[in-house]
Amino acid sequence: MATETPPGAKTDRRLPSAEEFVQVQQSAEFGELRRSYRSFAFPLTIAFIAWYLLYVLLSNYAGDFMGTKLFGNVNVALLLGLAQFITTFLIAWWYSRHAAEKLDPKAEAIKSRMEGGA
């Protein structure tokens, strides 16, 4: 059974004009949305890249330190390598919470107003 519109698609929404996009982009509300995103994403990105580069540099230039056994066959390199994965998942989880609480409501308000819903 073929349909012309996918299920759940809204057909009554209007598409904004290019002028409306420019007007919204220059608005204080959109600027606040961008600032909220950037103030979260940029520092975390820089911190994670620094953390990753520290791991790489330690692996290359501090072999004795990275080879230090902590317990059993677990050494510093293995522990820091696993911490890379853990921090990746923690940052993703933290960002999803931040987006759901702070970014999504602002973006949805802008979107609904542009589509004629408000």
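The structure we're discussing is the one just above.
The structure reproduced in this document is the subject of the present report.

## Description of the overall build of the protein chain
Alright, step 1. Secondary structure summary: the protein chain contains 4 helices and 2 strands in total.
Alright, step 2. The N-to-C order of helical and strand elements in the protein chain reads α-α-α-β-β-α.
Alright, step 3. The proportion of buried residues among the 118 residues of the protein chain is 18%.
Alright, step 4. In the protein chain, once contacts between residues fewer than 6 apart in sequence are set aside, the share between residues at least 24 apart is 62%.
Alright, step 5. Carbon and sulfur atoms form 65% of the exposed surface of the protein chain, whose accessible area is close to 9100 Å².

## Description of the packing of helix α2 (residues 28–61) against helix α4 (residues 76–114)
For any two helices packed against each other, one specifies the inter-axial angle together with the distance between the axes.
Alright, step 1. As a packed pair, α2 and α4 sit with axes 10 Å apart at the nearest point and diverge in direction by 170 degrees. Relative to α4, the element α2 lies roughly antiparallel.
Alright, step 2. Tallied by class, the residues present in the contact of α2 with α4 amount to 20 nonpolar, 6 polar and 5 charged.

## Examining the pattern of salt bridges
Alright, step 1. Within the structure shown, the criterion is met by 4 salt bridges.
Alright, step 2. A salt bridge links R113 to E29; its shortest N-O distance comes to 2.0 Å. In this pair, R113 sits in helix α4 while E29 sits in helix α2, placing the two residues 84 residues apart along the sequence.
Alright, step 3. Of the charged contacts in the structure, one is a salt bridge between K106 and E32, with a shortest N-O distance of 3.5 Å. Pair noted here: K106 is in helix α4 and E32 is in helix α2, with a separation of 74 residues, a long-range link.
Alright, step 4. Owing to a relative accessible area of 35%, E32 belongs among the partly exposed residues under this scheme.
Alright, step 5. Here the salt bridges share partners, and the residues they tie into one network are E32, R35 and K106.

## Brief notes about the packing of aromatic side chains
Alright, step 1. Throughout the structure, instances matching the rule amount to 3 aromatic pairs.
Alright, step 2. An angle of 45 degrees between the planes, with centres 5.9 Å apart, marks the rings of F40 and Y95 as tilted. Taken together, the residues F40 in helix α2 and Y95 in helix α4 connect sequence positions 55 residues apart.
Alright, step 3. Ring pairing ties together the aromatic residues Y37, F40, W94 and Y95, which thus form one cluster.

## Examining the nonpolar core
Alright, step 1. Formed by L58, A62, M66, V76, A77 and L80, the largest nonpolar core amounts to 6 residues.
Alright, step 2. Per-element accounting of this core gives the leading share, 3 residues, to α4.

## Quick word on α4
Alright, step 1. An ideal rise of 1.5 Å per residue puts 57 Å on 39 residues; α4 measures up with 53 Å between its terminal C-alpha atoms.
Alright, step 2. Maximal helix bending in α4 amounts to about 45 degrees, located at A99.
Alright, step 3. Of the positions making up α4, those classed as buried are V76, A77, L80, G81, Q84, H98, A99, L103, I110 and M114.
Alright, step 4. Against the buried residues of α4 lie α1 (18–25), α2, α3 (63–66), β1 (69–71) and β2 (74–75).
Alright, step 5. Backbone geometry just after α4 places G116 at a positive phi near 90 degrees.

Rules used in this analysis
- Residues numbered from 1 in each chain as written.
- Predicted model: local features only at pLDDT ≥ 70, side-chain atom pairs only at ≥ 80, totals over all residues.
- Heavy atoms only, no water.
- Helix = DSSP H or I, 4+ residues; strand = E, 2+ residues; numbered from the N terminus.
- Buried < 20%, exposed > 50% of the residue type's maximum accessible area, 1.4 Å probe, protein only.
- Contact = heavy atoms within 4.5 Å.
- Areas by Shrake-Rupley, 256 points an atom, 1.4 Å probe, with all protein chains shown as cover.
- Axes fitted to C-alpha atoms, helices over the stretch in contact; angles between N-to-C directions.
- Parallel < 35°, antiparallel > 145°, perpendicular 65-115°, else oblique.
- Nonpolar A, V, L, I, M, F, W, Y, C, P; charged D, E, K, R; others polar.
- Salt bridge = Lys/Arg side-chain N within 4 Å of Asp/Glu carboxyl O.
- Phe/Tyr/Trp six-rings, centres within 6.5 Å; stacked < 30°, edge-to-face > 60°.
- Core = buried A, V, L, I, M, F, W, Y, C linked by side-chain atoms within 4.5 Å.
- Expected span 1.5 Å × (residues − 1).
- Bend = angle between axes of the 7 residues up to and from the residue.

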